[in-house]
Amino acid sequence: MNNNLYNQNNALQTKVLWVWKETLAIHLRAPETRLASSLSVIEIFVALYYGEILNFNSSKPLDETRDRCIISKGHGSICMYPILADLGFFPLSELLQVCKKGSFLGGIPDPVIPGYESVNGSLGHGLGVASGIALGLKTKKKNQDVFVVTGDGELHEGANWEAIMFASHHKLDNLNLIVDNNGISMLDHTDNIVSHSDLVARLSSFGWDCEEVDGHDVITLRDVLAKQKITKNGKPKALIASTLKGRGVPGLENAPLSHIINPKPELIESLLKNLDDRFLEYK
Amino acid sequence: MSIKALAMRDAFLECIHQQMKSDNKIFFVSADFGSPVLDKIRNDFPTRFTNVGIAEQNLINISAGLALEGFKVFAYAIAPFITMRCFEQIRVSLALLSEVRPLNVNLIGVGAGYSYVVSGPTHQCYEDLTLIRALPNFQLLSPSDHISAALLFEGCVSSNGPKYLRFDAQVLPVIYDSFKPKISDGFHVHNQGKKMCIVATGFMMHTALKVLDEISKEGINVGLIDIFNLTNFNANKLDSILSSYSGLITIEEGFRGRGGLDSMLFEFSSRRNIDIQLLNVGVEPGYSFELGTRSELHEKVGIGINSILSQIRLFFNKI
């Protein structure tokens, strides 16, 4: 491994931990935010934004040359707040204002936040809108790519499958879907509600190019996303990232009701205090 | 010389086809719904036409995505499906998103009211005025003939924001043959009248014209206004016109008392302190599976010519 790559890999892992810590800190200040679904998706966003996957311009968020990133699982993306602040989309001090009067950082992110493209959080809309954007870019003969991050629970919404059929029919190989497959929606494991296990087989049968990876392995995520992005084979791409909802928080991790459980403030405080131990464990 | 009547959609789609020749930002999206003029669009501009299939939710989301990339989008389907099957997509990806992003998406719904006469309540549409009116940022356009439908095109293509065009499915007689309505007013006064005034929209303008003819034989001269933009009209002008009457009759091919044209004018006159009594003519709320001609169906639900005439006579004697 060359030095540069070694350094980037290290930086990615360090960033994952920093985002995890900041997300907990935001939840401590603003318990209205959804914590568990924001903890399963951290490595995905770190790979996209720090792993040189996405082209973005934080001083001009809607720059024409950016890759479009649609964050469909809106409320489960509070971890995007520290990432966008760190990258200069808005000041880090804004992180202290989440859910407070006058701030643009709410409990569910809205497109008033620099870096958010569309209305999110009402689930199941992102993939269709992203498909329209991807078709628009192709029609304009533009080379930008479209990334869309959904949860697995929101794939119960039928509109996703309308878009899934549309995207493969139109050979939208500039469209990249990442599913944060934490296996839990609000009330239970998705397999106990209406199972859509083996998303790779399902999406493949709809004509998508699919891969499945450990969604907490940020290096592999980055490598597979990089490969998928440059593969122009007439097929939309899907990356099924196996993740744990509530990752790293005892009582929350993989708990069926983690979406609506708020861990005690003392627990979060002690986790933040002992972060150095966790850092060693991650390394 | 009279103008040959056309279907609203054919006149409007002809405008789109013409404009697409010089404006490569226009994109047409259909939910598997056609017309002879649409065949020209998809043949001549295959890269700016797509059929999403019978999938209205995707119709709206694809349209929103295209609009985010700067396209002026025309989305096309049967009226009840393009409004109700995908209402939350319309709310989130059009009405709400257009609060912060410039989006030009025009929903063309064909089949207002009872215009799919024998298809029954699934294909008829009595709720769309209510639903689209509820959404901020939307323009609600409801022309009464193909001439006024085509005249709405310029505003649709040139201004941002989501719009809903409520088109009749049938070929209706031409109203605007010798004169043109002022589109920016959003309404047109057809008859001044005295004491009371009808405000009608869409197909019901044709019923209202017949009602006017009949009632004039009884020596009653009723005013008549065609309202074709129910959201962005010249409010001061309408205020001053309505203020000269003591009775206002709303006539719509939609459910009565459920938030359509009647509610809109009730709210307008009360907010503006216009001292006027109201008679609301609309479809008696309920779903019917009976078959018949459009005018027979209209009589059954309280919006036929005879039904309106008797309601107006009573109203005239009361005000």
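Residues numbered from 1 in each chain as written. Chains lettered and ligands numbered in written order. Predicted model: local features only at pLDDT ≥ 70, side-chain atom pairs only at ≥ 80, totals over all residues.

Peer 1: Pulling in residues and values, what's your account of the overall build of chain A?
Peer 2: The helix and strand inventory of chain A stands at eleven helices and five strands. In terms of overall dimensions, chain A has a C-alpha envelope of 50 × 45 × 45 Å along the principal axes. Taking all 283 residues of chain A together, 50% fall into the buried category. Looking at chain A alone, contacts between residues at least 24 apart form 74% of all its contacts between residues at least 6 apart. (Helix = DSSP H or I, 4+ residues; strand = E, 2+ residues; numbered from the N terminus. Buried ≥ 20, exposed ≤ 12 C-beta atoms within 10 Å, placed from the backbone. Contact = placed C-beta atoms within 7 Å.)

Peer 1: How would you explain the overall build of chain B if you had to name every residue and give the values?
Peer 2: Within chain B, the secondary structure is distributed over 13 helices and eleven strands. Compactness check: chain B gives a C-alpha radius of gyration of 19 Å against a globular reference of 20 Å for 319 residues, within 12% of the reference. Principal-axis analysis of the C-alpha atoms gives chain B an extent of 60 × 45 × 40 Å. A buried classification covers 50% of the 319 residues belonging to chain B. Counted over contacts in chain B with a minimum sequence separation of 6, partners at least 24 positions apart contribute 79%. (Rg over C-alpha atoms; globule rule 2.2 N^0.38 Å.)

Peer 1: Can you explain the interface of chain A and chain B? Please cite residues and give values.
Peer 2: Bring the parts together and some accessible area is lost; that lost area is often taken as the interface size. Facing 21 residues of chain A, the contacting portion of chain B comprises 24 residues. Within the residue set of the side of chain A that touches chain B, elements represented by two or more residues are helix 5 (126–139) and helix 6 (158–169) of chain A. With ten residues, helix 5 of chain A is the single largest residue contributor to the side of chain A that touches chain B. A per-class count over the side of chain A that touches chain B returns eleven nonpolar, eight polar and two charged. (Nonpolar A, V, L, I, M, F, W, Y, C, P; charged D, E, K, R; others polar.)

Peer 1: Kindly report on the sheet that holds strand 6 (residues 163–167) of chain B, identifying the contributing residues and their values.
Peer 2: Residue and element names in this part refer to chain B. The strand order 2-1-3-4-6-5 describes an open sheet built from six strands, whose pairing is parallel. Edge positions in the open sheet fall to strand 2 (49–51) and strand 5 (139–141), since each of these has one partner strand only. Between one strand and the next, the sheet's axes are offset by a mean angle of 15°, whatever the strand orientation. Sheet topology places strand 4 (residues 104–110) next to strand 6; five bridges connect them, and they run parallel. Bridged to Gly109 within strand 6 is Arg166. Contacting strand 1 (26–30), strand 3 (72–78), strand 4 and strand 6, helix 1 (residues 8–22) runs over the sheet at an angle of about 140° to strand 1. (Pairing = 2+ DSSP bridges. Axes fitted to C-alpha atoms, helices over the stretch in contact; angles between N-to-C directions.)

Peer 1: Outline the domain arrangement of chain B, supporting the account with residue identities and numerical values.
Peer 2: Residue and element names in this part refer to chain B. Per the domain assignment, the segments making up chain B are domain 1 (8–167) and domain 2 (183–318). Placing the centre of domain 1 and that of domain 2 at their C-alpha centroids yields a distance of 26 Å. The partner domain 2 presents 29 residues to the 26 residues of domain 1 that form the contact. Elements that contribute at least two residues to the side of domain 1 that touches domain 2 include exactly helix 6 (128–133), strand 5 and helix 7 (146–151). When its residues are assigned to classes, the side of domain 1 that touches domain 2 shows 14 nonpolar, nine polar and three charged. (Domains from an automatic or database assignment.)

Peer 1: Can you explain unusual backbone geometry? Please cite residues and give values.
Peer 2: Positive phi values are uncommon outside glycine, yet Cys99(A) reaches one of about 70°. With respect to the helices and strands, the residue Cys99(A) is situated in the loop between helix 4 (80–86) and helix 5. When the 15 C-beta atoms within 10 Å are taken as the criterion, Cys99(A) is described as partly exposed. Positive phi, close to 60°, is recorded for Asp32(B), a residue that is not glycine. Within the secondary structure layout, Asp32(B) lies in the loop between strand 1 and helix 2 (36–44).

Peer 1: Outline the pairing of strand 4 of chain B, supporting the account with residue identities and numerical values.
Peer 2: The side chains of a regular strand alternate between both faces of the sheet. Most of strand 4 of chain B is tucked away, with seven of its seven residues classed as buried. Burial along strand 4 of chain B is two-sided: the face carrying Asn104(B), Asn106(B), Ile108(B) and Val110(B) and the face carrying Val105(B), Leu107(B) and Gly109(B) are both buried.

Peer 1: How would you sum up the nonpolar core? Please name residues and give values.
Peer 2: Core analysis: the biggest nonpolar cluster contains 177 residues, and Phe45(A), Leu48(A), Leu59(B), Ala75(B), Cys197(B) and Ile198(B) have the highest contact counts within it. Counting contributing residues, this core receives three or more from each of domain 1 (8–167) and domain 2 (183–318) of chain B. Non-local contacts of Cys197(B), meaning those with residues more than four positions away in its chain, are made with Val222(B), Gly223(B), Leu224(B), Ile225(B), Leu242(B), Tyr245(B) and Leu248(B). (Core = buried A, V, L, I, M, F, W, Y, C linked by C-beta atoms within 7 Å.)

Peer 1: Could you give me a rundown of the packing of helix 1 (residues 3–29) of chain A against helix 3 (residues 42–50) of chain A, with the residues and numbers involved?
Peer 2: Residue and element names in this part refer to chain A. Where helix 1 meets helix 3, the axes come as close as 10 Å, and the angle between the chain directions of the two elements is 125°. Classified by the angle their axes make, helix 1 and helix 3 are oblique. You can see that helix 1 and helix 3 cross each other, and the crossing is right-handed. Along the contact surface, helix 1 presents Ala11, Leu12, Lys15, Val16, Val19, Trp20 and Thr23, while helix 3 presents Ile42, Glu43, Val46 and Tyr50. When the residues that make up the contact of helix 1 with helix 3 are grouped by side-chain class, the tally is eight nonpolar, one polar and two charged. (Parallel < 35°, antiparallel > 145°, perpendicular 65-115°, else oblique. Left-handed = near helix turned anticlockwise from the far one by under 90°.)

Peer 1: Tell me about the sheet that holds strand 5 (residues 237–242) of chain A, and name the residues and values.
Peer 2: All names here are of chain A. Across the sheet, five strands lie side by side as 1-2-3-5-4; this open sheet has parallel pairing. Edge strands, defined here as strands with exactly one partner in the open sheet, are strand 1 (68–71) and strand 4 (209–214). Taking the axes of each pair of neighbouring strands and ignoring which way they run, one obtains an average angle of 15° across the sheet. Bridging between strand 3 (residues 175–181) and strand 5 involves six bridges; their strand directions are parallel. For Ile178, the partnering residue across the bridge sits in strand 5 and is Leu239.

Peer 1: With reference to specific residues and values, describe the confidence of the model for chain B.
Peer 2: Do not read the fine detail of predicted coordinates wherever pLDDT is low. Confidence in the prediction for chain B averages 97 pLDDT; 100% of positions are at 70 or higher. Model confidence for the complex is summarised by a pTM of 0.96, with the ipTM given as 0.96. (pLDDT = per-residue confidence, 0-100.)

Peer 1: Can you lay out helix 5 of chain A for me, pointing to particular residues and giving the numbers?
Peer 2: All names here are of chain A. In a regular helix each residue adds 1.5 Å, so 14 residues correspond to 20 Å; helix 5 covers 20 Å between its end C-alpha atoms and thus fits that length. Burial analysis of helix 5 places twelve of its 14 residues in the buried class, the great majority of the element. For helix 5, the complete set of buried residues consists of Gly126, Leu127, Gly128, Val129, Ala130, Ser131, Gly132, Ile133, Ala134, Leu135, Gly136 and Leu137. (Expected span 1.5 Å × (residues − 1).)

Peer 1: Summarise the packing of helix 3 of chain A against helix 9 (residues 218–230) of chain A; cite the residues concerned and give the values.
Peer 2: Residues and elements named next belong to chain A. Contact geometry of helix 3 with helix 9 gives a least axis separation of 9 Å together with a crossing angle of 50°. Classed by the angle they form, the pair helix 3 and helix 9 counts as oblique. The two elements helix 3 and helix 9 meet at a crossing, and its hand is right-handed. Of helix 9, the residues touching helix 3 (which contributes Glu43, Ile44, Val46, Ala47 and Leu48) are Val218, Leu221, Arg222 and Leu225. Split by residue class, the contact of helix 3 with helix 9 holds seven nonpolar, no polar and two charged.

Peer 1: Before we move on, could you go through the pairing of strand 2 (residues 146–151) of chain A and cite the residues and values that matter?
Peer 2: Residues and elements named next belong to chain A. Most of strand 2 sits inside the fold, with six of its six residues counted as buried. In this structure, strand 1 lies alongside strand 2, joined through four bridges in parallel fashion. Within the sheet, the bridge partner assigned to Cys69 lies in strand 2 and is Phe147. Note that strand 2 and strand 3 share six bridges and pair parallel. When the sheet's bridge partners are listed, Val148 is paired in strand 3 with Leu177.

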